[in-house]
Amino acid sequence: MKSGFNALISVADKSNLDKIAKYLEKINCNIISTGGTYDYLKDLNITNLKRVSDITNSPEILDGRVKTLHPIIYGGILAKRDNKKHISEIEDMSGILIDIVICNLYPFEKTLKNPDSTHQEIIEMIDIGGPALLRSSAKNYLSVTAVCDINDYKNFVNEMNSNKGNTSIQFREKMAKKIETEYEIDKLDGIKISIDENTWSLIRKSNTEDIIRISTESNDRQLLEKIQSEMIKKVECCYEEIK
């Protein structure tokens, strides 16, 4: 890979991805990608493009369920650039530093609300690697720029152009705060997952009985029943795995 910035791109929604990818190519940025995103970028003839597996030397497995979950990827995102021990550890495993993460998640909410969605289709829309990439990037916003919203692509390009091919700490902090706001899961009283302002599900252990309670609220009766059913299945599945 060429010297310079390293960007990891893994997106479900590829709207306007061609524009930001071509911009990164223009400024000589190395692009690392996965699965369908890699195929999309390859079809655009984006140069300096590599698969995540080329960097980690570990193939994607389980039909793509495991792609980015690897120490080289998360070390490259989370390493403190001013920490010699961190940098030494990255070098010892022949890793790289990842400077930019562009990621958005599987359309779980859309799939869940679709009355024609099957249980398996809903399960496959539960994103694992995406939230981990975004939260890791947000945690290390002092060094890493994370973009989770396609509406921020233009802002990102303008920011890079205004700062001679870099982003300001103010911009990186703003992007990190957006991640924490948009992908927040409330764990104060169990685990509360909000689908929208009127729809949520809360999973918590009873304080008085040896049971797990699942509470769901929605203005849409059909959606409520579907979410409640899915939450029950997930809890039962977890219980079977650990008992």
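Residues numbered from 1 in each chain as written. Predicted model: local features only at pLDDT ≥ 70, side-chain atom pairs only at ≥ 80, totals over all residues. Heavy atoms only, no water.

**Structural notes on unusual backbone geometry**
For clarity, the cut-off: By definition, any uninterrupted DSSP run of H or I lasting at least four residues is a helix, any uninterrupted run of E lasting at least two residues is a strand, and each is numbered from the N terminus. Three labels apply to residues, based on accessible area from a 1.4 Å probe with only protein chains included: buried if under 20% of the type maximum, exposed if over 50%, partly exposed otherwise in between.
Positive phi values are uncommon outside glycine, yet N48 reaches one of about 55°. As for its position among the elements, N48 is in the loop between α2 (35-43) and β3 (49-51). With a relative accessible area of 23%, N48 lands in the partly exposed category. Positioned with a positive phi, K164 is a non-glycine residue whose angle comes to about 55°.

**Section: the environment of D82**
Along the polypeptide, D82 turns up in the loop between α4 (71-78) and α5 (84-92). Accessibility expressed as a relative area gives 72% for D82, which makes it exposed. Sequence separation between D82 and K178 is 96 residues, and the spatial gap between their C-alpha atoms is 25 Å.

**Things to note about the sheet that holds strand β1 (residues 6-11)**
Inclusion rule: Between any two strands, at least two bridges found by DSSP are needed for them to pair. In this description, a line fitted to the C-alpha atoms serves as the axis of each element, helices being fitted only across the stretch in contact, and the angle between N-to-C directions of two axes falls anywhere from 0 to 180 degrees. By definition, residues are in contact when any of their heavy atoms lie within 4.5 Å.
Taken together, 5 strands build an open sheet; the order of strands is β3-β2-β1-β4-β5 and the sheet is parallel. Since the sheet does not close on itself, it has two edges, and those belong to β3 and β5 (145-147), each with one partner. Averaged over all pairs of adjacent strands, the angle between their axes in this sheet comes to 20°, without regard to strand direction. Taken together, the 5 bridges between β1 and strand β4 (residues 100-104) define a ladder with parallel strand orientation. From the neighbouring strand, V11 faces β4, where its bridge partner is N104. Strands in contact with helix α1 (residues 17-26) are β1, β2 (30-33) and β4; relative to β1, the strand with the most contacts, it is inclined by about 170°.

**A few points about the pairing of β2**
Consecutive side chains of a regular strand alternate in pointing toward one face of the sheet and then the other. This is how it is decided: Orient the strands so they point away from the viewer; a crossover is then right-handed if the path from the first strand over the helix to the second runs clockwise.
Side chains N30 and I32 of β2 all project onto a buried face; the interleaved residues I31 and S33 project onto the opposite face, where all are buried too. As paired elements, β1 and β2 share 4 bridges and run parallel to each other. Across the sheet, residue I9 finds its bridge partner in β2, namely S33. In this fold, β1 hands off to α1, which returns the chain to β2; that crossover is right-handed. Pairing analysis gives 3 bridges linking β2 to β3, with the strands arranged parallel. Bridging from a neighbouring strand, I31 pairs with L49 of β3. Remark: the β2/α2/β3 crossover connection has right-handed handedness.

**Examining the sheet that holds strand β6 (residues 191-196)**
With antiparallel pairing, 3 strands are arranged side by side in an open sheet as β6-β7-β8. With one partner strand each, in any of the chains shown, β6 and β8 (212-217) form the two edges of the open sheet. Going across the sheet, the axis of each strand differs from the next one's by a mean of 10°, ignoring polarity. Strand direction decides the pairing type here: strand β7 (residues 199-205) and β8, joined by 6 bridges, are antiparallel. For L202, the partnering residue across the bridge sits in β8 and is S215.

**Considerations on the pattern of salt bridges**
Note the threshold: Each salt bridge in this description consists of a side-chain nitrogen of Lys or Arg and a carboxyl oxygen of Asp or Glu lying within 4 Å of one another.
Within this structure, the stated rule accounts for 7 salt bridges. Notably, a salt bridge pairs R81 with D99, separated by 3.8 Å at the nearest N-O pair. Here D99 lies in the loop between α5 and β4 and R81 lies in the loop between α4 and α5, a separation of 18 residues in the sequence. For D99, a relative accessible area of 14% corresponds to the buried category.

**Quick notes on the nonpolar core**
Note the cut-off: For our purposes a nonpolar core is just a set of buried Ala, Val, Leu, Ile, Met, Phe, Trp, Tyr and Cys residues, chained together by side-chain atoms within 4.5 Å.
I9, L24, I31, L41, I100, I102 and F156 are the most contacted members of the largest nonpolar core, which totals 23 residues. Of all the secondary-structure elements, those providing two or more residues to this core are β1, α1, α2, β4, α9 (153-162) and α10 (169-182). Among residues more than four places away in sequence, those in contact with I102 are L8, I9, S10, V11, I20, L24, V147 and Y153. Counting residues in hydrophobic clusters, the runner-up holds 21 residues, among them V52, I55, A138 and A146.

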